[in-house]
Amino acid sequence: MIKYHLKCECGVQFESWFSSSEEYDNLEKKKLLSCQCGKSKNISKQIMSPQISLKKQLNSSSSKKEIFLKTMSKKLRDLRNYIEKNSEYVGDNFTSEARSIHYDKKNVRSIYGKATPEQTQELLEEGIKVDTVPWINKVDS
Ligand SMILES: [Zn+2]
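Residues numbered from 1 in each chain as written. Predicted model: local features only at pLDDT ≥ 70, side-chain atom pairs only at ≥ 80, totals over all residues.

**Here we look at the overall build of the protein chain**
Looking only at helices and strands, the protein chain features four helices and five strands. Put simply, the protein chain runs from its N terminus to its C terminus through helices and strands in the order β-β-α-β-α-β-α-β-α. In the protein chain, which comprises 141 residues, the proportion classed as buried is 6%. Considering only contacts within the protein chain whose residues lie at least 6 apart along the sequence, 47% involve residues at least 24 apart. (Helix = DSSP H or I, 4+ residues; strand = E, 2+ residues; numbered from the N terminus. Buried ≥ 20, exposed ≤ 12 C-beta atoms within 10 Å, placed from the backbone. Contact = placed C-beta atoms within 7 Å.)

**Quick look at the confidence of the model for the protein chain**
Of all residues in the protein chain, 87% attain a pLDDT of 70 or more, and the chain-wide mean is 84. In this model residues 49-53 is a low-confidence stretch, pLDDT under 50, and it forms zero contacts with partners more than four residues away in sequence or in other chains. (pLDDT = per-residue confidence, 0-100.)

**Quick notes on helix H1 (residues 21-29)**
Every α-helical turn comprises 3.6 residues, leaving residues that sit three or four positions apart pointing alike. Of all nine residues in H1, zero are buried; the element is thus mostly exposed. Within two residues after H1, lysine 31 carries a phi angle of roughly 55 degrees, on the positive side.

**Observations regarding helix H3 (residues 94-104)**
Listing the buried residues of H3 in full gives Phe94, Thr95 and Ala98. In a view along the axis of H3, the buried residues occupy a sector of 100 degrees, so they form one face of it. In H3, the exposed positions angled more than 90 degrees off the buried face are occupied by Ser96, Tyr103 and Asp104. On the buried face of H3, the contacting elements are strand E4 (88-91), strand E5 (111-113) and helix H4 (117-125). After H3 finishes, the residue lysine 105 shows a positive phi value of roughly 55 degrees. (Arc of directions from axis to C-beta.)

**Remarks on the pairing of strand E2 (residues 13-18)**
Regular strands place side chains that alternate from one sheet face to the opposite one. For E2, the buried fraction is low: zero of the six residues fall into the buried class. Bridge analysis of strand E1 (residues 2-8) against E2 gives six bridges, and the strand direction is antiparallel. Within E2, the position partnered with lysine 7 by the bridge is glutamine 13. Following E1, the chain reverses through four residues before pairing antiparallel with E2; glycine 11 in that reversal takes a positive phi of roughly 110 degrees. (Pairing = 2+ DSSP bridges.)

**Some points on unusual backbone geometry**
Despite not being glycine, lysine 31 shows a phi value in the positive range, around 55 degrees. Inspection of the secondary structure assignment puts lysine 31 in the loop between H1 and strand E3 (43-45). Classification of lysine 31 as exposed rests on a count of 10 C-beta atoms within 10 Å.

**Section: the pairing of E1**
Direction of pairing for E1 relative to E3: antiparallel, over a ladder of three bridges. If you follow leucine 6 over to E3, its bridge partner there is lysine 45.

**What about the sheet that holds E1?**
Spatially, the three strands line up as an open sheet ordered E2-E1-E3, and their pairing is antiparallel. For this open sheet the edge positions go to E2 and E3, each flanked by a neighbour on one side alone. The mean angle between the axes of side-by-side strands here comes to 40 degrees, regardless of whether they run parallel or antiparallel. (Axes fitted to C-alpha atoms, helices over the stretch in contact; angles between N-to-C directions.)

In structure tokens:
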């Protein structure tokens, strides 16, 4: 099957399917192509619009995005590995641990764990240095 953009001399443009380009030539020769206006049989084939180049552009921008995402997720994985190697996981106790390190100056170390945005905000307001990092799964999904 082949799709042609056709244009009638009345100005109407439409699309039509043909089983082959020969079928189109045949119908055209016999003036069997018809337009909705019903007046004219003078219908011509339009040059196909540049859909292929548009598609290519879309592909290349999506692959750029893919490369960017891959690079980002690698960096985030590296960051996660770094944090895991260099700090202690305290889980849900993050807020209280961060406070005890800050106020008691005991057992000073780097920690990481869970905190809500509100808890993080509180810690920051108390002058406790907290960074929020995007936590990425180690396994590519
Ligand atoms: Zn027409």
